[in-house]
Amino acid sequence: MTAPFQDTTTPEMSQDTKLVLALPKGRILKAAAPLLAGAGILPAPDCLDEGSRRLRFPTDDPALDVVRVRSFDVATFVAFGGAQLGICGADVLMEFDYPEIYAPLDLRIGACRVSVARPKGQGEGDNPARWSRVRVATKYPAITRRHFAARGINADIVHLHGAMELAPVLDLSHLIVDLVDTGSTLRANGLEETETIATVTSRLIVNRTALKTQPERIGALIARFRQALAAPATAETLPA
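What this report covers is the structure whose coordinates are included nearby. Everything numeric in this text was worked out from a predicted model, so none of it was measured. Chains are numbered independently. Their residues run from 1 in the order of the written sequence. Owing to the predicted nature of the model, reporting of local features is limited to residues with pLDDT of at least 70; listing and counting of side-chain atom pairs is limited to 80 or more, with chain, interface and lining totals taken over all residues. For side-chain calculations, the full set of non-hydrogen atoms in the structure is used, while hydrogens and water are omitted.

Points about the overall build of the protein
Helix and strand content of the protein: nine helices and 11 strands. The buried label goes to any residue with under 20% of its type's maximum accessible area, the exposed label to any with over 50%, and the partly exposed label to all in between, with areas taken from a 1.4 Å probe on protein chains only. For the protein, with 240 residues in total, the buried portion stands at 42%. By definition, residues are in contact when any of their heavy atoms lie within 4.5 Å. Within the protein, residue pairs in contact and separated by at least 24 positions form 69% of the contacts whose partners lie at least 6 positions apart. For every accessible area listed, the method is Shrake-Rupley and the probe measures 1.4 Å; residues are considered covered only by the protein chains on display. Summed over all atoms, the accessible surface of the protein reaches about 12300 Å², with 53% contributed by carbon and sulfur. Per the convention used, a helix needs a DSSP run of H or I reaching at least four residues, while a strand needs a run of E reaching at least two, with both numbered from the N terminus.

Below, the structure is given as C-alpha cells:
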C-alpha cells in the first residue's frame, strides 16, 4: 500500500533548487500514476484531480515538484529548462524535434499511433503515388510535411487543434493526420485509416543541460523510473 502523501518541503529547499517533473494532463497522467508510485514519487492528491486549478504540486520528495501542463507543452517546458524532466508522447518529440531533449526511457504507456485518414470510400482507385499536392488537416504540421515530402508530395497544411474529423467532411481538407487510439472517433465520423505514420508511446524526457550540470540528482530519478518499469507489480499495469 502506498504511504499517504506528506509535504516534506523544508525552508532550506527553495523553489529554485527543486527539480521539476512536467506531467501531461488527461489520460496519460492517469496512466502514469502507477509508474510514478513505482518510482517512489507521490504528488499531492489533487495533482490527479482534473478539477484542480493548481498547476504546480509538491511531492513527498522535498527536492522534487511536479507541474501539470498540456501534453503538447511538456516537451517545450523541458527543452527551455522550465522543467528538468517530463513524461511526453513520442508524437510530440517527433513534431518538435528539440535538440535540447534526451529521451532515455520508453515508459510503455499511452500506446497509440499517428495515422493518415480520409472519408470512407473516398478516392477508391486513386493512386497516391501520382499526387503532387494534397491538403491535410492536422495538429502535426512538421510530421505531416515530412511524411508526404518523403513521397514527393507537397502537403498544404490546415492547422487545427481539435475536431480534426470534421475537416474532410466540411471540405477543409482531403485528408487528416491525427493521433488514433481505438479508431472509434474516426469511424463515428465516417473516416477510415489509410496509413500509419508512427506508433507512439510516452517517454521519460530530460533536459540535456540539466543532466550535465546535475548528473547525480537527475540520474537517480532516471534510475527510479527504470526500476519501476522492471518491477513486476508495475509491469503488470503497463501494456505489453
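Focus on unusual backbone geometry
Generally, phi is negative for residues other than glycine and the peptide bonds are trans, each holding for most cases. Despite not being glycine, Asp-97 shows a phi value in the positive range, around 50°. Here Asp-97 lies in the loop between helix H3 (90-96) and strand S5 (101-106). One non-glycine residue, Arg-108, lies in the positive phi region at around 60°. As for its position among the elements, Arg-108 is in the loop between S5 and strand S6 (112-119).

Quick word on the environment of Ala-230
Within the element layout of this structure, Ala-230 appears in helix H8 (residues 215-230). The class of Ala-230 is exposed, set by a relative accessible area of 62%. Remark: the alpha-carbon pair of Ala-230 and Gly-38, spanning 192 residues in sequence, is separated by 9.6 Å.

Here's the deal with the sheet that holds strand S1 (residues 19-24)
A pair of strands counts as paired when DSSP detects no fewer than two bridges linking them. Spatially, the six strands line up as an open sheet ordered S2-S3-S1-S4-S11-S5, and their pairing is mixed. Strand pairing shows two members of the sheet lacking a second neighbour, strand S2 (56-58) and S5, which therefore form its edges. Strand-to-strand twist across the sheet, computed as the mean angle between neighbouring axes with direction ignored, equals 30°. Relative to strand S11 (residues 202-207), strand S4 (residues 85-89) runs antiparallel, the two being bridged by five bridges. Its bridge partner lying in S11, Leu-85 is registered against Val-206. The axes are straight lines fitted to the C-alpha atoms, using for helices just the contacting stretch, and the angles between their N-to-C directions are given from 0 to 180°. Docked against the sheet, helix H1 (residues 27-38) engages S1, strand S3 (64-69), S4 and S11, running at close to 135° with respect to S1. Along the sheet, H8 makes contact with S1, S3, S4, S5 and S11, crossing S5 at roughly 25°.

What about the packing of H1 against H8?
Interaxial distance between H1 and H8 falls to 8 Å at its minimum, and their mutual angle equals 110°. Here H8 runs roughly perpendicular to H1, going by the angle between their axes. Residues Leu-35, Leu-36 and Gly-38 of H1 form the contact with H8, whose participating residues are Phe-225, Ala-228 and Leu-229. Three residue categories are used. Nonpolar comprises Ala, Val, Leu, Ile, Met, Phe, Trp, Tyr, Cys and Pro, charged comprises Asp, Glu, Lys and Arg, and polar comprises the others, including Gly. Residue composition of the contact of H1 with H8, by class: five nonpolar, one polar and no charged. Throughout this description, any angle smaller than 35 degrees is read as roughly parallel, any larger than 145 degrees as roughly antiparallel, any in the 65 to 115 degree range as roughly perpendicular, and the remainder as oblique.

Points about the pattern of salt bridges
Each reported salt bridge corresponds to a side-chain nitrogen of Lys or Arg within 4 Å of a carboxyl oxygen of Asp or Glu. Under the definition given, this model contains 10 salt bridges. Residue Glu-195 pairs with Arg-151 through a salt bridge whose shortest N-O separation is 2.8 Å. On the criterion of sequence distance, the pair formed by Glu-195 in strand S10 (residues 191-200) and Arg-151 in the loop between helix H4 (141-149) and strand S8 (154-159) is long-range, its members being 44 residues apart. Sharing partners across several salt bridges, the network here consists of Lys-18, Arg-56 and Asp-65.

Brief notes about H1
Every α-helical turn comprises 3.6 residues, leaving residues that sit three or four positions apart pointing alike. Turning to H1, its buried residues are Ile-28, Leu-29, Ala-32, Leu-35 and Leu-36. End-on view of H1: buried residues confined to an arc of 115°, all on one side of the axis. Gly-40 sits one or two positions beyond H1 and adopts a positive phi of about 75°. Here the arc refers to the set of directions running from the helix axis out to each C-beta atom.

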